[in-house]
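# Observations on the model geometry
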Amino acid sequence: MASLAHHFSGLRCPPLSSSPLCKPTASSKPSNRVSTTVVAAVVAGTYALTPAQRERQKLKELFEEAYDRCRTAPMEAVSFTVEDFHATLDKYDFNSEIGTKVKGTVFMTDMNGALVDITAKSSAYLPVQEACIHKIKHVAEAGIYPGLVEEFVIIGEKASDDSLILSLRSIQYDLAWERCRQLQAEDVIVKGKVIGGNKGGVVAIVDGIRGFVPFSQISSKSTAEELIDKELPLKFVEVDEEQSRLVLSNRKAMADSQAQLGIGSVVLGTVQSLKPYGAFIDIGGINGLLHVSQISHDRVSDISTVLQPGDTLKVMILSHDRERGRVSLSTKKLEPTPGDMIRNPKLVFEKADEMAQTFRQRIAQAEAMARADMLRFQPESGITLNSEGILGPLTSDLPAEGLDLGDVPPADEVVV
């Protein structure tokens, strides 16, 4: 055998690819067996992949493995079950009944309202008409922006997606009624804007709530049309939230304000209207009458030559009728010399406080003289009147010169 191998060692065979035996013939059939050369080429190609290609190949294999696991055993190695999920929802769920108050965070706004996160299964919606007790066009007018944390009240549910409808207006409405009850208990004066009226009276807005002011409780004789868009001083007559009934009085508020006006006080006023018999002056929400005879010491035949609607002037309080809500005014008493109101009204206003002080002193002196006349017949009181018209003591513990009438406080400091 060794000699045979030695015999063939000198022979040379051509490559397989160049051999005629390797060329297929027309009658030859393809072999089902993969040659070792092809296998070697595939293996060599695998190792020829770049690092990026090998990484993609690895991810593909992982994805296919995960896909097979999701189809065959989706809950394998998962500790959080469906029962645990429902239990968690029940744990963090809340009462969604109408009227329930919930805390939420605004996360988006638009022209129609705002979306609010109330930690429910779905977000809730705040319509613009429920965002404020006052009428607004956009929630931003009520200070509602993304990120705002506020307490809301549930007022309904949208049938389309079962989301909840919220309201801030309902909460503000309850607070407004509470404030009205408190203001009524304190008997304070509030301002109300007239927005409408009927045959019985006018409707005024107070703290966002509509209230009714009967004509019998309005101090002026103005019509409802004349009072539209005006602010009236008001007091509460009836506050009934259950019946949604709020009744107000302008007359009571005016009487309260007038009680603070002492005779002889100087106030700033604005001419509202002119009549043949005088001018109506607005003195801080109160209408007073400046009669034609109280404009000047000189005769005034035509009021329009002295005053015009819209003029601002100083007037002095002559008297007031609290029950009827009437105030009498005068500029005549403020004239340094008769006729100044016609010739030089600026001078009258400059000297108004000085002239009013003189007027109050004369009033105080007259009252003191009247009291002294009564004391003349009551010597047991211990006070007498000397020849100079000064009240003096009968006892030694009072000043010998008596009581000077100049020390009598002015009338505006005395509660009438």
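Right above here is the structure, for reference.
This text gives an overview of the structure that appears in the document. (Residues numbered from 1 in each chain as written. Predicted model: local features only at pLDDT ≥ 70, side-chain atom pairs only at ≥ 80, totals over all residues. Heavy atoms only, no water.)

## Overview of the overall build of the chain
Summing up its helical and strand segments, the chain has ten helices and 17 strands in all. Among the 416 residues that make up the chain, the fraction classed as buried is 30%. At a minimum sequence separation of 6, the contacts of the chain that also span at least 24 residues come to 54%. Within the structure as shown, the chain displays about 27,500 Å² of accessible surface, and the carbon and sulfur contribution to it stands at 55%. (Helix = DSSP H or I, 4+ residues; strand = E, 2+ residues; numbered from the N terminus. Buried < 20%, exposed > 50% of the residue type's maximum accessible area, 1.4 Å probe, protein only. Contact = heavy atoms within 4.5 Å. Areas by Shrake-Rupley, 256 points an atom, 1.4 Å probe, with all protein chains shown as cover.)

## Let's talk about the side chain of Gln294
Along the chain, the position of Gln294 falls in the loop between β13 (287–291) and β14 (312–321). For Gln294, the contacting residues outside a window of four places in its chain are Leu318, Leu329, Ser330, Thr331, Lys332 and Lys333.

## Quick notes on the sheet that holds strand β15 (residues 326–330)
Read around the closed barrel, the five strands follow the order β11-β12-β13-β15-β14; overall the barrel is mixed. Looking at each pair of strands side by side, their axes are set apart by 50 degrees on average, direction ignored. In terms of strand pairing, β14 meets β15 through five bridges, oriented antiparallel. Considered in β15, the bridge of Ile317 is made with Leu329. (Pairing = 2+ DSSP bridges. Axes fitted to C-alpha atoms, helices over the stretch in contact; angles between N-to-C directions.)

## Comments concerning helix α5 (residues 169–186)
The terminal C-alpha atoms of α5, which comprises 18 residues, lie 25 Å apart, in line with the 26 Å expected from a rise of 1.5 Å per residue. Every buried residue of α5 is listed here: Ile171, Ala176, Trp177 and Cys180. The inward-facing, buried residues of α5 contact β1 (101–110), β4 (149–157), β5 (164–167), β8 (209–214), β9 (231–240) and β10 (245–249). Residue Asp187 follows α5 closely and has a positive phi angle near 55 degrees. (Expected span 1.5 Å × (residues − 1).)

## Some points on the pairing of strand β11 (residues 266–275)
Pairing geometry for β11 and β14, over five bridges, is antiparallel. Each bridged residue has a counterpart across the sheet, and for Thr270 the counterpart in β14 is Thr312. As paired elements, β11 and strand β12 (residues 278–282) share five bridges and run antiparallel to each other. Looking at the pairing, Val271 lines up with Ile281 of β12.

## Topic: the nonpolar core
Ile281, Ile283, Ile295, Leu307, Leu313 and Leu329 are the most contacted members of the largest nonpolar core, which totals 27 residues. Only β11, β12, β14, β15 and α10 (352–375) provide two or more residues apiece to this core. The contact partners of Leu307, leaving out residues within four places of it in the chain, are Val271, Leu274, Ala279, Leu290, Ile295, Leu313 and Met341. (Core = buried A, V, L, I, M, F, W, Y, C linked by side-chain atoms within 4.5 Å.)

## Some words on the packing of aromatic side chains
Scanning the model with the defined rule gives two aromatic pairs in all. A ring pair is formed by Tyr173 and Trp177, whose centres lie 6.2 Å apart and whose planes are at 85 degrees; its orientation type is edge-to-face. In this pair, Tyr173 and Trp177 both sit in helix α5, four residues apart, roughly one turn of the helix. When its relative accessible area of 27% is taken as the criterion, Tyr173 is described as partly exposed. Taken together, a centroid distance of 6.3 Å and an interplanar angle of 90 degrees make the contact between Tyr277 and Phe280 edge-to-face. The cationic tip of Arg169 hangs over the ring face of Tyr173; the distance from NZ or CZ to the ring centre is 5.8 Å. (Phe/Tyr/Trp six-rings, centres within 6.5 Å; stacked < 30°, edge-to-face > 60°. Lys NZ or Arg CZ within 6 Å of the ring centre and 35° of its normal.)

## With respect to the environment of Ala124
Topologically, Ala124 is positioned in strand β3 (residues 124–127). The class of Ala124 is buried, set by a relative accessible area of 1%. It is 9.4 Å that separates the C-alpha atoms of Ala124 and Lys158, two residues lying 34 residues apart in sequence. Beyond its immediate sequence surroundings of up to four residues, Ala124 is in contact with Ala114, Leu115, Val116, Ile118, Leu164 and Leu166.

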